[in-house]
Amino acid sequence: MVSQKQVKKQTREALNGMFGHASDYRKVMAILAVLMIIVSGFTLWNTMELRRAMDARTQIYVGDVTLQLTDEIDFRLKKNVIDLEMLEDSLLHVDNITEESLHDFLDRKADLLGYTAIALIRSDGNIYTTQPIPGDLSSMSGIQASFSGENGVSFLNEQSILYSIPIMRDGKVAGVLAGMRNRENMQQLIRTESFSGRGLTCIIDPEGQVIISPTNVDPFMVLDDIFLEESNDETVENILQMRDDMKNHRSGVFTFTAVDGTSLVLAYNPLQNYNWVLLTLVPADIISAQTDLYLSQTFTIIAGTILLFFIILTVLFHTYRNHFRLMERLAFTDRLTGAMNNAAFQLQCRQLLDKSAPGKYTVVLLNIRNFKLINASYGSVRGDETLRHVMNVLLAHIQDGELAARADADNFFLCLKGCDPEEIRRRLQKMVDAVNSFDPAEDGPSYLTLQQGAYVVDEPHLDITIVQDRAKTACRGYSALPGSQCVFYDEAVTKRLQKEQTLNHLFDRSLADGDFKLFLQPKVRLHTGTVCGAEALVRWEHPQRGMIFPSDFIPLFEKNGRICQLDLYIFEETCKTIRRWIDEGKPLFPVSVNLSRQHFQSDSPLDSFYEIAQRYQIPSGTIEMELTESIFFDDQGIENVKAQIRRMHEMGFLCSLDDFGSGYSSLGLLMEFDVDVVKLDRRFFLHDSNPKARKVVASVIQLCRDIGTQVVAEGIETPQQLSFLEEMGCDMVQGYLYSKPLPVTEFEKWQKDFSSSPNRGIRV
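Residues numbered from 1 in each chain as written. Predicted model: local features only at pLDDT ≥ 70, side-chain atom pairs only at ≥ 80, totals over all residues. Heavy atoms only, no water.

> Just checking my understanding: could you explain the overall build of the protein chain for this structure?
Counting its regular elements, the protein chain contains 21 helices and 25 strands. By residue count, 45% of the 764 residues in the protein chain fall in the buried class. On the protein chain, roughly 40000 Å² of surface is accessible, and the fraction owed to carbon and sulfur atoms is 52%. (Helix = DSSP H or I, 4+ residues; strand = E, 2+ residues; numbered from the N terminus. Buried < 20%, exposed > 50% of the residue type's maximum accessible area, 1.4 Å probe, protein only. Areas by Shrake-Rupley, 256 points an atom, 1.4 Å probe, with all protein chains shown as cover.)

> Please explain helix 15 (residues 563-583) as it appears in this structure.
Along an α-helix, residues three or four positions apart point the same way, because every turn accommodates 3.6 residues. Here helix 15 is 21 residues long and its end C-alpha atoms lie 30 Å apart, about the 30 Å a rise of 1.5 Å per residue gives. Where helix 15 is concerned, the buried positions are I563, C564, L566, D567, Y569, I570, F571, T574, C575, T577, I578 and W581. Of the residues one or two after helix 15, G585 is the one with positive phi, at around 75°. (Expected span 1.5 Å × (residues − 1).)

> Even after reading the chapter, I still don't get a nonpolar patch on the surface, so can you show me in this structure?
A contiguous nonpolar surface patch, about 390 Å² in accessible area, is contributed by I31, V34, L35 and I38. Take L35: it is sitting in helix 1 (residues 4-92). (Patch = residues over 30% accessible without salt bridge, like charges linked within 9 Å, V, L, I, M, F, W, Y side chains within 5 Å. Salt bridge = Lys/Arg side-chain N within 4 Å of Asp/Glu carboxyl O.)

> I'm lost on the pairing of strand 9 (residues 263-270) in this one. Help?
Each regular strand carries side chains that alternate between the two faces of the sheet. Where burial is concerned, most of strand 9 is hidden: seven out of the eight residues are buried. In the sheet, strand 9 pairs with strand 10 (residues 277-283) via seven bridges, with the strands oriented antiparallel. Directly across from A267, in strand 10, lies its bridge partner T280. The antiparallel hairpin formed by strand 9 and strand 10 contains six residues in its connecting segment. (Pairing = 2+ DSSP bridges.)

> Any chance you could explain the state of the cysteines here in plain terms?
Note on terminology: a disulfide is the covalent bond linking the sulfur atoms of two cysteines. For the structure shown, the criterion picks out zero disulfides. In this model C486 remains outside any disulfide bridge; the closest cysteine sulfur is found in C475, 8.0 Å from its own. For C486, a relative accessible area of 2% corresponds to the buried category. (Disulfide = S-S within 2.5 Å.)

What follows is the structure, given as structure tokens:
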């Protein structure tokens, strides 16, 4: 009987033999392909050089024509003032003119000179206009300049322009003569018939503000937006150069691509009589339209030739590839999914690792948790469909040079490039999301949990079975609860699993013996300098193991669900403390208690807390439930959370949003959820000298103030941070600047000392 190892060896030799017989033929085809690419590349390069030469010639042509056009338009604009000066001269030689004849005289001159309206403003304040002119004439900057003896220009609404000159009598300004041209009138002045009527012109100031817009902006783009369209580095550089040139009264021209893909030439030329710039926009194909047609045909011919060549290659290798794939399926294909099996994975992974450096690849094991329930609930046919679905998703998400295989039963192996754990986790999460992407119309989709274990192959020459075993070991450390991430194997994985097992074993006894201690960290109200609250925290003081840090057991109990028991225990310890304060006549303030998101997996998460609070007769408003912001990002339970917050208030509990800003905080949370307090995460204050960070904090505080929500800044450690928060009007502060979390008796002593201390107990 032939062993599996012998089958793999024989199959490998057969595949290598096929490649060896075809190697000479493939070399010939490769040489032909290289030659084809070289010829095609040279042709493309020559065509592109021709195009660049045509573009340069177009820019020279546009530059020459626009210089002539600028002189012409400059004269047209100057003539506006000349016409007014001639009209002023006429007025000086008209004696004994009445108001009626003056109006008729000005009205005729307006039609003759092409003005929309003409106005006469006398020094005594009397104003005569042929047509209404918007605005207060006397206060316009141009009119005031004319009363000072200078020619003036005033800009009215809708791009209308009012030209004005002083009327001089006996060396003094007796009045001002003004002529208005509306937008259409000014557009006629700058209209050009150059470039076969395909060009657009407009006038702007050196800052890029439009003075006179073009008559039609449809053919190409809106000229008002020219400074906003920075499509590439070259365009950005050209626009910056244009801005500098305009400020220094220099001309220029450049080509760019508009938003709609049109290639355009833009010329800019300063006007001599005004501090304005004439922009002229012309299609880049103004002189190369016919040439562009031949260029397009050349590109099409080259593309067609390349396509034909590769079709021929495809036909030549058709039989060869089909035969290879047939042999590969027989030896290395999983019968159920049609993908590679574990034998193929081991063989190809071995080949990859033999050629790689340490840390180049990561081997991952994915296991479908409780897959047997799918077979039991829906039958083996549905189970097989599920396995094929998972395999198809994995294949769709791997890259070239990576592997995916079904090993056995509900286990899948991946060999992924890279060694960065966060990048690997991100990719795996995308795969899990894709696996659980169902048709919304499907009734009752079964969401799958994929346990994930990974080994960064830092010893590439290890036996491949050992590599896979290390990924399996890491997979055993994966928690099946929501929010879990891929576990990576290292030498401490086994120890970590053992430690977690030990902590789980100690939990029940420690809970019964009271090894979990209630600690309180004070909150101080800034504007009064008094203690206004505290946060209840847990510390584990084991009689043999000593202090066990929260970072060691909180995440573990979050994953396995025991955090719910611990939360209830700390809540009851808090109620006991508040009850004692009441009995001793001590002042009360809200104490916040952390509420894990795991509580919201049940239908009535608050009933147990309410029963405890009633048993100890805790007054309403004395206990505050702290929810971390991550609880709001579960779409399936978001409505349940909103309902439970309403229930909190009905039960007399306050509600706060903890760690605001530590994850993906949205201001929509403040609108959607009726929380009483927002706790700003300490990362907001790590860079309190950063102007942007200060503005963000100030804005959040102001927003909370406007909607009636209190703000607590947590993690405050420096007087500078405290000063900033006082300046911003923050309500409360919590952090080591005042006190670290303390046992209840030490907290009570600290509170007493704080109340009588002149510096309010600040640690400096």
